[in-house]
Amino acid sequence: MLTERAREVGQSDFVPDLEKVASAGQRLLGIIAGSFDTTGTATLDGGPGDKSPLGEPQTEGFIELPKRLEIGLNHAEGRLLVVDDDEGNRDVLSQRLKKQGYAVATAKDGRQALDMLEAGDYDLVLLDIMMPEMDGYEVLQRLKENDRLRNVPVIMISALSEMESIVRCVEMGAEDYLPKPFNAVLLKARLGACLEKKRGRDRELQLHEQLQQNFRKLQELEGLRDDLTNMIVHDLRTPLTSVIAAIQTLDVVGTVNRDQREVIKIAETGSEALLATINSLLDVEKFESGAMDLEYTLLSLPEVISSAMAQVSPLANEKGVALDQEISSDLPWLSGDENKLQRVLVNLLGNALKFTPSGGSVTLQVRKTDDKQAIEFCVQDTGEGIPPEAFERIFQKFGQVDSRKGGSSMGTGLGLTFCKFAVEAHGGQIAMESTLGHGSSFCFTIPLSAPTSNSASVVPA
């Protein structure tokens, strides 16, 4: 480094003598390495054919890199901390690093280095191993024990050329290791590699934090949406109930002709559909908050099924879709919430009918499961099916699915959400299978014994 510095400042007269000193130093290192080498690879020449203690070929005592590795190493940026108890070593290394474009600070011992790291932000530490009072090993250990500093990369620098030192530093968490005296190109390459890894980690941390912030913001927005939805539906239900009641009493307060009766029927149907949506919103919110209580009774399944089929029969007739049922003859009494289970059946049957074209069919199958521990309900249709990309969100709140034909939306996304919550509240499971162009199948199970957490006094329905 001194030789290069002499050339830079125009003091070429010193260069020959400095080269002789460097050569003598390399020869001395070769002698020392040979004295401690147990593999027989070291020589005493210090010449081009020497082997380092790691078995790496050297040229004039320095590890050389291919010229192609210098590509892309000219641009350097980052704040480095050089820690060395020798002032000359600190100054020479600092000058070289500054020349490469780095901002460099120095510390004369381990304690000062730790204080500086606590007080400032550094991208990399060049840490000497052999220092008095607190050596590089202890400094490295304290860095890795510090939550704020453990991710700062550290390159250990020492005149020691022993494998044990290198292994120990790496095991303690050092990013890399450089022997003194070191090759300028190797230093540049390893600094660049370490800093690039740190930048990658920093980008990952920033991205993670940004994702966390976006997630928290999304939760806040969802909370606001839910609060607004709850406020709206609570305020809408009472006046809407009054509208429906008024429509239903129009025949009582006056004479209504056929055309007027048709208009009134349209208004009544639309109002009842809107009220059903509002009730679904409120019920889903209660399930989510854990405030929904199930009213368990002993249910006659044929009666529950018959009531559900009766509610959807007008829609089947209107659309020209066959509505069939395959009910096992040995169905036992079932403990459950009659209103909730009936709504599940009506929702599934209604969805199937809505998206099955004229001439198709919808079939309800009810039987015991193979282990006789639950009742399985399946609603199968011959409709257009559901796109595979919609499978994950089919049971999510507001998880609408677009119909392939005409791009229409398959409902509000609340009916299936209610079904999922109601089935799981009974201790059961719900699932679906669908193939585009071949229809869909929605199946759910209800255990014959009521869940302990939702158990209540059970009486015959």
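Data block above holds the structure.
In this report, we go over the structure that sits alongside the text. What you see is a predicted model; the values in this text were computed from it and never measured. (Residues numbered from 1 in each chain as written. Predicted model: local features only at pLDDT ≥ 70, side-chain atom pairs only at ≥ 80, totals over all residues. Heavy atoms only, no water.)

## Let's talk about the nonpolar core
For clarity, the threshold we go by: Take the buried residues of types Ala, Val, Leu, Ile, Met, Phe, Trp, Tyr and Cys, join any two whose side-chain atoms come within 4.5 Å, and each joined set is a nonpolar core. Only protein chains enter the calculation, and the probe is 1.4 Å; a residue is then buried if its accessible area is under 20% of its type maximum, exposed if over 50%, and partly exposed in between. Starting at the N terminus, helices and strands are each numbered in turn, a helix being any DSSP run of H or I of at least four residues and a strand any DSSP run of E of at least two. The contact rule is simple, with two residues in contact once any of their heavy atoms fall within 4.5 Å.
Formed by 45 residues in total, the largest nonpolar core has its most connected members in Val 344, Leu 345, Leu 348, Leu 364, Phe 377, Phe 442 and Phe 444. When residues of this core are assigned to their parent elements, the largest contribution, eight residues, is made by helix α11 (residues 338-354). With near-sequence residues (within four places) excluded, Val 344 lies in contact with Phe 418, Cys 419, Ala 422, Val 423 and Phe 444. Core analysis: the second largest hydrophobic core is formed by 26 residues, Leu 81, Ala 105, Leu 127 and Tyr 137 among them.

## A short note on the sheet that holds strand β11 (residues 429-435)
Here is the rule we go by: At least two DSSP bridges between two strands are needed for those strands to be called paired. In this analysis, axes come from line fits to C-alpha atoms, helices being fitted only over the stretch in contact, and the angle between any two N-to-C directions falls in the range 0 to 180 degrees.
Taking strand neighbours across the sheet as the criterion, the five strands line up as β7-β9-β10-β12-β11 in an open arrangement whose pairing is mixed. Edge strands, defined here as strands with exactly one partner in the open sheet, are β7 (322-327) and β11. Mean inter-strand twist for the sheet, computed between neighbouring axes without regard to direction, equals 10 degrees. In this sheet, strand β9 (residues 361-368) lies alongside β7 in parallel orientation, the contact comprising six bridges. Residue pairing for β9: Gln 325 is matched across the bridge by Leu 364. On the sheet, helix α10 (residues 301-319) packs against β7, β9 and β10 (374-381) and is oriented at approximately 170 degrees with respect to β7.

## Quick notes on the packing of aromatic side chains
Keep this limit in mind: Only rings of Phe, Tyr and Trp enter the pairing, Trp through its six-membered ring, and a pair is recorded when the two centres are within 6.5 Å. The plane angle decides the type: under 30 degrees is stacked, over 60 is edge-to-face, the rest tilted. Any Lys NZ or Arg CZ that is within 6 Å of a ring centre and within 35 degrees of that ring's normal is treated as a charge sitting over the ring.
Under the criterion given, the structure shown has two aromatic pairs. Residues Phe 395 and Phe 442 carry aromatic rings whose centres are separated by 6.1 Å and whose planes lie at 80 degrees to one another, so their mutual orientation is edge-to-face. Taken together, the residues Phe 395 in the loop between β10 and α12 (415-425) and Phe 442 in strand β12 (residues 439-447) connect sequence positions 47 residues apart. On the accessibility criterion, Phe 442 (11% relative accessible area) is buried. Above the plane of the ring of Phe 418 lies Arg 343, whose end atom (NZ or CZ) is 4.0 Å from the centre.

## A few points about a negative patch on the surface
Note the cut-off: Any residue with relative accessible area above 30% and no salt bridge may belong to a patch, with like charges joined within 9 Å and the nonpolar Val, Leu, Ile, Met, Phe, Trp and Tyr side chains within 5 Å. Each accessible area is a Shrake-Rupley estimate made with a 1.4 Å probe; only the visible protein chains count as cover when residues are assessed. Here, a salt bridge means any side-chain nitrogen of Lys or Arg that lies within 4 Å of a carboxyl oxygen of Asp or Glu. Residues counted as positive are Lys and Arg, residues counted as negative are Asp and Glu, and His and the chain ends are not counted. For charged residues, the charge sits on one atom: NZ in Lys, CZ in Arg, CG in Asp, CD in Glu.
Taken together, the side chains of Asp 85, Asp 86, Glu 87 and Asp 91 present a region of like negative charge at the surface. In this structure, Asp 85 sits in the loop between β1 (79-83) and α3 (87-99).

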